[in-house]
Amino acid sequence: MYKWLCIALVSFWLVGCSDQSWQTTDISEMMPPLDFHLTDENGKQVDAEDFRGKTTLLFFGYTHCPDVCPITLARLATAFRQVDDKAREDIQVLFVSVDPTRDTPEIMKEYTEAFGPQFIGLTGSKSDIDAITNRYRVSYGYGEKDESGNYDVTHSSATFAFNRQGDAQLLIRDDDPMKAVVSDLEALAEGS
């Protein structure tokens, strides 16, 4: 009897001491810290250290994307409007182009400005893009060019979330409820 009572008490104690319970997907043990060397939307060479100190969301896409990118970024902008003011000031979105041939810094800046000041466009050479996509196990591919030279790029729709120190914490998917996304963003901004 004593043994079972001890096990029960230890179990209750551990539950009370557990980490934050996230409503989106916890990736803290699966992904490496934020690390990259890219060019920002102002043409400046930047690396992950330049973005430390704020909760960082990382999304891969391209400005010519007809659906996934504008929908995902608009959804994140909606989430920002719903988080409290303090959390909003502590969150930034890094939009990394997987189409560096067409997505110049100037084009990236014009695109991200439509979503809000928290959105920052990043681009770079193909090898720079491959380094960061490989790091986070994100695949992308180019479709066939049409007669006008246009093409689609396949890519992930997931958003990675990192704490202020640059440690991976969450994976936010399109099908995560908005309430869950807002709650997790606030918790991440307050707790990091």
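Note on numbering: residues in each chain are counted from 1, in written sequence order. For a predicted model such as this one, the threshold for reporting local features is a pLDDT of at least 70, and the threshold for listing and counting side-chain atom pairs is 80 or more; totals across whole chains, interfaces and linings nevertheless cover every residue. Side-chain figures throughout are based on the complete set of non-hydrogen atoms in the structure, without hydrogens or water.

Caption draft 1: Representation of the side chain of Arg102. Only DSSP runs of H or I reaching four residues or more are called helices, and only runs of E reaching two or more are called strands; each is numbered from the N terminus. Tracing the chain through its elements places Arg102 in the loop between strand 5 (91-97) and helix 4 (105-113). Pairing of N or O atoms within 3.5 Å defines a polar contact, subject to two protein rules: one partner must be a possible hydrogen donor and the other a possible acceptor, and residues neighboring in sequence count only if both atoms are side-chain atoms. A polar side-chain atom of Arg102 sits 2.9 Å from the main-chain carbonyl oxygen of Tyr151. The contact rule is simple, with two residues in contact once any of their heavy atoms fall within 4.5 Å. Excluding anything up to four places from it in sequence, Arg102 contacts Tyr62, His64, Ile107, Asn150, Tyr151 and Val153.

Caption draft 2: Expanded view of the pattern of salt bridges. Salt bridges, as used here, are contacts in which a Lys or Arg side-chain nitrogen is within 4 Å of a carboxyl oxygen on Asp or Glu. A complete count under the given rule lists five salt bridges for this structure. One salt bridge in this structure joins Arg88 and Asp85, with 2.7 Å as the shortest N-O distance. On the criterion of helical spacing, the pair formed by Arg88 and Asp85 is a turn pair, its members being three residues apart in helix 3 (residues 85-89). The partner of Asp130 in a salt bridge is Lys126, with the nearest N and O atoms 3.1 Å apart. Taken together, the positions of Asp130 and Lys126, both in helix 5 (residues 126-135) and four residues apart, correspond to about one turn of that helix. Think of it in three bands: residues with accessible area under 20% of the maximum for their type are buried, residues over 50% are exposed, and the middle band is partly exposed, with areas taken using a 1.4 Å probe on protein chains only. For Lys126, a relative accessible area of 41% translates into the label partly exposed.

Caption draft 3: Summary view of the environment of Thr63. Tracing the backbone through its elements, the reader meets Thr63 in the loop between strand 4 (55-61) and helix 2 (68-82). Along the chain, Thr63 and Met108 lie 45 residues apart, while their C-alpha atoms are 7.0 Å from each other. Once residues lying within four places of it in the same chain are set aside, the contact partners of Thr63 are Phe95, Asp103, Ile107, Met108 and Tyr111. Here the side chain of Thr63 touches His64 through a polar contact of 3.4 Å, side chain to side chain. One polar contact links Thr63 to Asp103, side chain to side chain, over a distance of 2.4 Å.

Structural measurements only, silent on function.
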